[in-house]
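Listed here are the chains, written in short residue letters.
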Amino acid sequence: RCHGTWNRYYKSIDHLRTFMRKEYNVSDMPLAELEQSFIEQYHVYLKSDLGLKPTTVSGYLKCLKYVVKIAFNNGWMPRNPFSLYQYTAPNPERSFLTEDELRRMMTTELRYKRQDYNRDMFLFSCFTGICYADLKTLAWKQLEQDTHGDWWVTGNRCKTDTRYVVKLLPAALSILERYRDGTDYVFSFMPHLNTVDRSLKRIAALCGIEKKLTFHVGRHTYATTICLMNGVSLETLSKMLGHKRITTTQTYAKVTQPMIDREVTMLREKLATKFSM
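Residues numbered from 1 in each chain as written. Predicted model: local features only at pLDDT ≥ 70, side-chain atom pairs only at ≥ 80, totals over all residues. Heavy atoms only, no water.

Assigned secondary structure in the chain consists of 12 helices and 3 strands. Its C-alpha atoms put the chain at 65 × 65 × 40 Å along the principal axes. A buried classification covers 40% of the 277 residues belonging to the chain. Carbon and sulfur atoms make up 53% of the accessible area of the chain, which totals about 16,800 Å². (Helix = DSSP H or I, 4+ residues; strand = E, 2+ residues; numbered from the N terminus. Buried < 20%, exposed > 50% of the residue type's maximum accessible area, 1.4 Å probe, protein only. Areas by Shrake-Rupley, 256 points an atom, 1.4 Å probe, with all protein chains shown as cover.)

What follows is the structure in structure tokens.
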């Protein structure tokens, strides 16, 4: 498991213990005593008592259901009380930068060097789709030049260990040229993600961008503004992002007005002579 997943399971233990003390006045209980009502009450506790967001609640519930499933499969409990319990968090809106916002992010003069550094990391994500965790471990040896002189970056995602393959665009290459300092990693110093996200919010304000900017918005921007809005197929994008299933890629993708206009225009041209009146 990646560190983020491990941390979620670790936090789940804390929430479960607090919940059991509050509702059952115990710190532990036998697996055989678990009923569906337990997970229903735990769901209410996470949502109402702790006030967690639906996606966070869904993550903690999945942790519990997964562990109980393992226990059931290993014969440690007679039945799986959560097998019929279904909860899917509403799909949140995936924010991304438009072409105009991306240009402003690239050209606005910033106040401090550390802001320039954080912006460069973010923009590199916007033009490659590489997330923070994978960028943190991105080494120069992962870059290869083909016979045509084009540069590629390949690697396995920290989250899923799925391979990703990205052909570097000129904007990404220009960023790389600023950081060839002889170290093993492309970005030799990686501030904590929370620190970068706070910096990006200040940078967004300086650029006149009103959206809530986080580092992961860069990945959404690559998927939508850079790739899909310029005709890259979902299948190709899925490979570049390192997704196991194309359905995951679809949650990143936005069907925007320019995309609809382009596709219908192409359709109109193809059908112009076939169904003329």
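Following the criterion strictly, the structure yields 10 salt bridges and no others. In this structure, the salt-bridge partner of Glu101 is Lys211, at a minimum N-O distance of 2.9 Å. Within this pair, whereas Glu101 is found in helix H4 (residues 99-107), its partner Lys211 is found in the loop between helix H8 (193-206) and helix H9 (217-227), the two being separated by 110 residues in sequence. With its nearest N and O atoms 3.3 Å apart, the salt bridge here joins Arg157 to Asp134. With a gap of 23 residues between them, Arg157 in the loop between strand S2 (151-156) and strand S3 (163-167) and Asp134 in helix H6 (residues 132-136) connect regions that are remote in the sequence. In terms of burial, Arg157 and Asp134 fall into one category: buried. (Salt bridge = Lys/Arg side-chain N within 4 Å of Asp/Glu carboxyl O.)

A few words on the nonpolar core. Among the nonpolar cores identified, the biggest contains 46 residues, and Phe122, Phe124, Leu135 and Phe187 are the most heavily contacted of them. Secondary structure elements with two or more residues in this core: H4, helix H5 (113-126), H6, S3, helix H7 (170-177), H8, H9 and helix H10 (234-241). The element contributing the most residues to this core is H5, with 6 residues. Every residue in contact with Phe122, bar those within four places of it in the chain, is listed here: Leu97, Met105, Leu200, Leu213, Thr214, Phe215, Val217 and Gly218. Of all hydrophobic cores here, the second largest spans 19 residues; its members include Leu34, Tyr42, Leu61 and Phe82. (Core = buried A, V, L, I, M, F, W, Y, C linked by side-chain atoms within 4.5 Å. Contact = heavy atoms within 4.5 Å.)

What follows covers the pairing of S2. Pairing analysis gives 3 bridges linking strand S1 (residues 143-145) to S2, with the strands arranged antiparallel. Following the sheet pairing, Gln145 is matched in S2 by Trp151. Following S1, the chain reverses through 5 residues before pairing antiparallel with S2; Gly149 in that reversal takes a positive phi of roughly 90°. Pairing analysis gives 5 bridges linking S2 to S3, with the strands arranged antiparallel. (Pairing = 2+ DSSP bridges.)

Glancing now at a nonpolar patch on the surface. Together, Leu31, Tyr66, Val67, Ile70 and Trp76 make up a nonpolar patch on the protein surface, roughly 470 Å² of accessible area in all. Assessed through its relative accessible area of 45%, Val67 is described here as partly exposed. (Patch = residues over 30% accessible without salt bridge, like charges linked within 9 Å, V, L, I, M, F, W, Y side chains within 5 Å.)

Let's shift gears to the side chain of Ser125. Along the chain, Ser125 falls in helix H5. On the basis of relative accessibility, which here comes to 1%, the residue Ser125 falls in the buried class. If we skip the residues at most four places from it in the chain, Ser125 touches Ile130, Phe215, Gly218, Arg219 and Tyr222.

Bringing the packing of helix H1 (residues 3-24) against helix H2 (residues 36-49) into the picture now. Packing of H1 against H2 leaves a shortest axis separation of 11 Å and a crossing angle of 105°. Between H1 and H2, the crossing angle belongs to the class labelled roughly perpendicular. On the side of H1, the interface is formed by Ser12, His15, Leu16, Thr18, Phe19, Met20, Lys22, Glu23 and Tyr24, while H2 contributes Phe38, Gln41, Tyr42, Tyr45, Leu46 and Asp49. (Axes fitted to C-alpha atoms, helices over the stretch in contact; angles between N-to-C directions. Parallel < 35°, antiparallel > 145°, perpendicular 65-115°, else oblique.)

The subject of this paragraph is unusual backbone geometry. Phi is positive for Asn25, which is not a glycine, with a value near 60°. Following the sequence through the fold, Asn25 ends up in the loop between H1 and H2. Residue class for Asn25 comes out exposed when judged on its relative accessible area of 68%. With a phi angle near 65°, Asp161 is a residue other than glycine that sits in the positive phi range. For Asp161, the position within the fold is in the loop between S2 and S3.

Tallying each qualifying case throughout the model produces 13 aromatic pairs. Pairing Phe19 with Tyr42 gives two aromatic rings, centres 5.3 Å apart and planes at 55°, and the pair type is tilted. Separated by 23 residues along the polypeptide, Phe19 in helix H1 and Tyr42 in helix H2 bring together distant segments of the chain. Both residues of the pair, Phe19 and Tyr42, belong to the buried class. For the ring pair Tyr117 and Tyr179, a centre distance of 5.5 Å and an interplane angle of 75° mean the geometry is edge-to-face. (Phe/Tyr/Trp six-rings, centres within 6.5 Å; stacked < 30°, edge-to-face > 60°.)

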